[in-house]
Amino acid sequence: MGQDKTVWDNPADLIRQMQPEHPVLAFAPTVLQDKARQFIDGFPGLVTYAVKSNPGEAVIQNLVTAGITGFDVASPYEIDLIGKMAPRAARHYHNPVRATAEITHAVAAGITSWSVDSQSELDKLFAQVPTAVADQGVEISPRFSLPVMGAVYDFGSKFGATPELAAELLRRVAARGYIPSLTFHPGTQCVDPIAWESYISVAREICDMAGVRARRLNVGGGFPSYRVSGVEPDLASIFAEIRDTVNEAFGDDAPDLVCEPGRGLCADAFSLIARVKGVRDGSHVFLNDGVYGGLAELPIVGNLDRIDVLTPQGTPRDGELTGRIVFGPTCDSVDRLPGELSLPSDIAEGDFVVFHGAGAYSTVTNTRFNGFGLLTNATVMGFD
Ligand SMILES: *Cc1c(COP(=O)(O)O)cnc(C)c1O
C-alpha cells in the first residue's frame, strides 16, 4: 500500500500507491512557496494573505517560511489562528461588519488595522477601538466599491461604500485621530488589470473629496489563479499595471500599497483528486466529490478545466475529448458541475479525475452532506 510514504512525486504516483476511495487534496508546498515569492518580489507593496481562501496550517506555515508577513483575517477564529501560527505577522481585520463582541475580541488580540463601509459600523469602532496601541497608531480603512468589471464574482454587492460615503468615512477617521487608509476588493479571479485601474483612480478622487491623504491603499485580492488551460495568468503585468496606475493617479503623494490575495496565492498549489463512481449507461459521469465538497465554488466561479483523467495504474486516458455532464456523489440534483466537462471518451469507473488549481475555497467549504466529503490531504513534490 505504500502507507509509510508521506510525500508522493505527483498525483499519478499517489494514485498508483494509494488507490484513494475518498477525494484527496494533493498539496505541493514548493509550488506555494514559489507563488508567494512571486508576489513578494513583484508586488510593489506589502503582501498579506486572505486566510479565508484556505486556512490550512500547512498553508500558513509555508507562506511564513516563504516570507509572507501579513494576513487578512475576518473572524476571531482567524485572528487567533494567525496569532498562534505567526505571532509577529500583521493582522488586518478586514470584515467591515462585526458584532460588538467580535470587536472586543480583536481589540484584546491587539489588532491595529480595520476596514469599514458604513457610518454605523464606524461608530462601533470609535466606541471600542483605541487610537493607538503600544505607541503604534491604529489604522481604519474605508472600503469602497464600484460597479464590477473584469471579475467573475461580484464582491461589491455585499461590502463597499459609495465613493461619496467613503470620503465622508475617511474624513471622520482622520479627524478622530486614527490613521486614514483606503481599501477595496475588485472581485475574485480578475484576469484583466482593468479591474484595478478604475478602483485606483477613484481612490484618488475619494482622497480629494475628503481632503485627506490616505496613508495606505489596499488593492484587495482578486488576483487570478490558473483555472483555464492555456490562459495562464500574468501576475507580473497586473503588478506593473497597478504600480503605473498608482503613480499616474497619485504622483508624489502615493500611498503605500497593500494587497490581500487569497486564490492567487493558494489555488495553484493544490490539485483535487476525485474518483469516478460510475459512468451511467455510458453517458453521465458520477464522481465521489462535487459541489457540496471540494468543488463547492464551481457553480459560482465556473469549471476548473485543467483536468487529467488517470487510470488506477496512473496512466493518462487519451481518448477523444467529449462534453460530459458530471455529477457529485450526493442525492441532491444541485450536485452537478456547471455545463459539461471535456473528458476523454474512454473514461471508466475507478478512474481518477485530477482537477488542478483547486486550493482556494475548497477545503474550507467542504461539507459532510449525505455522508460524503471525507476529504483527505496529501503532500506531493509537484503536479507533473
Ligand atoms: C476574500 C477576500 C480576499 C481574497 O480574495 P481572492 O479573490 O481570493 O483573492 C481579500 N480580501 C478580502 C477583504 C476578502 O474578503
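Above: the structure in question.
Residues numbered from 1 in each chain as written. Predicted model: local features only at pLDDT ≥ 70, side-chain atom pairs only at ≥ 80, totals over all residues. Heavy atoms only, no water.

J.: How would you sum up the pairing of strand 20 (residues 352-356)? Please name residues and give values.
T.: Counting buried residues along strand 20, five of its five residues qualify, which places the element largely inside the surrounding structure. Judged by which residues are buried, strand 20 turns out to be covered on both faces: F352, V354 and H356 on one side and V353 and F355 on the other are all buried. Where strand 14 (residues 270-280) lies against strand 20, five bridges are found, and the strand directions are antiparallel. Counted as the bridge partner of L272 is F355 from strand 20. Both strand 16 (residues 307-310) and strand 20 contribute to a ladder of four bridges, which runs antiparallel. What sits directly across from V309, in strand 20, is V353. (Buried < 20%, exposed > 50% of the residue type's maximum accessible area, 1.4 Å probe, protein only. Helix = DSSP H or I, 4+ residues; strand = E, 2+ residues; numbered from the N terminus. Pairing = 2+ DSSP bridges.)

J.: Go over the site of the ligand, please, and point to the residues and values.
T.: Not every one of the 15 residues close to the ligand is listed here, only the nearest: K52, H185, T188, G222 and Y361. Residue K52 places a side-chain N or O atom 2.8 Å away from an oxygen atom belonging to the ligand. In the environment of the ligand, an oxygen atom lies 2.4 Å from a nitrogen or oxygen atom belonging to the side chain of T188. When the residues that make up the shell around the ligand are grouped by side-chain class, the tally is four nonpolar, six polar and five charged. (Near = heavy atom within 4 Å. Polar contact = N/O pair within 3.5 Å; in protein donor to acceptor, adjacent residues only side chain to side chain. Nonpolar A, V, L, I, M, F, W, Y, C, P; charged D, E, K, R; others polar.)

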